[in-house]
Amino acid sequence: MCAPFLLLAAAWEAVAIAGIFPEKLFPPLETVFDTLATLSLNGILWEHVAGTIVRLVLGFLIAAVVGVVAGVLMGRFQVVEELFLPAVSFAYPIPGLAYAPLFVLWFGLGDLPAILLVGAASCFVIILNSWKGVKAVRPLWLRAAEVMGANEGQMFWKVMVPAALPYILNGLRLGLAQAWRILVIVEMLMAVDRGLGWMIFGAREFLNTDVMICGVLAIGIIGLLLEKQVFERIERYTVVRWGMLTA
């Protein structure tokens, strides 16, 4: 797993040593790591990380709740599907950044529009995957549960939701990635007081490329930790444990 990162680091260092770009624009790894250590020790990096994670968590929670509930209802009830699927299909391909001017006009600048925009931009992929998951439940399972005397609630919670969970988790993964992408850009546009996107944007103004790279590294590391420590654990204790996916 480390080999690709080592190869990338070696290539970066080779380009930096060769002097193809000015050192101010393409700093060597030693400079980047020195800056990363300095930003970490004086608390600046953690302050920006905390601001970004708070917005990410709040925005993603909105997207997850709205997306899963709407998707499951669309998959379970035909009338809900016919009512909402055209609108969701229309909104899904639109880049989240396209909504940014509207959210600024409606909610102003700061944290609130950033959080709401993250939730709005990342919920559509969750809705569609949750809907597909419910639609993919095998009718045989539903008939078997009905024959065994399961009521509507038991069929929903013990058959449909577990069967659709691989799709739902995949939608949440994609939604989180979408939330990450839009949040970093939103922090550059909405005049937030802290955040990794704000840090990268501010460093660009002063040609502090090493600070920009530190922000990018922090974004990548946090994303990797969320993937490994959250989603993989959830999968391991649910769909893998149930035999629906292989580890």
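Right above here is the structure, for reference.
The structure presented is a predicted model; accordingly, all values stated were derived computationally and were not measured.

Q: Would you explain the overall build of the protein chain in this entry?
A: A count of helices and strands for the protein chain gives 10 helices and 0 strands. Helices and strands appear in the protein chain in the N-to-C order α-α-α-α-α-α-α-α-α-α. Dimensions along the principal axes, computed over C-alpha positions, put the protein chain at roughly 70 × 45 × 30 Å. For the protein chain, the residues scored as buried account for 40% of the 247 residues in total. Residue pairs at least 24 apart in sequence account for 73% of intrachain contacts in the protein chain once pairs closer than 6 positions are excluded. Element-wise, carbon and sulfur atoms account for 72% of the exposed surface of the protein chain, whose accessible area totals about 14,000 Å². Looking at the protein chain, you have 16 positive and 17 negative side-chain charges, and the mean spots of the two groups are 12 Å apart.

Q: Whenever I open this one, the environment of Gln178 confuses me. Can you help?
A: Tracing the chain through its elements places Gln178 in helix α8 (residues 152–189). Note: C-alpha distance between Gln178 and Leu7 (171 residues apart in sequence) is 27 Å. Not counting residues within four places of it along the chain, the set of residues in contact with Gln178 comprises Ala121 and Ser122.

Q: Quick question: what am I supposed to make of unusual backbone geometry here?
A: Excluding glycine, a negative phi dihedral is what most residues carry, and trans is how most peptide bonds are arranged. The phi dihedral of Leu207 falls on the positive side, at around 55°, and the residue is not glycine. Locating Leu207 in the fold gives a position in the loop between α9 (196–205) and α10 (209–237).

Calculation criteria
Residues numbered from 1 in each chain as written. Predicted model: local features only at pLDDT ≥ 70, side-chain atom pairs only at ≥ 80, totals over all residues. Heavy atoms only, no water. Helix = DSSP H or I, 4+ residues; strand = E, 2+ residues; numbered from the N terminus. Buried < 20%, exposed > 50% of the residue type's maximum accessible area, 1.4 Å probe, protein only. Contact = heavy atoms within 4.5 Å. Areas by Shrake-Rupley, 256 points an atom, 1.4 Å probe, with all protein chains shown as cover. Lys, Arg positive; Asp, Glu negative; His and termini not counted. Charge placed at Lys NZ, Arg CZ, Asp CG, Glu CD.

By themselves, these are just geometric observations and shouldn't be taken as functional.
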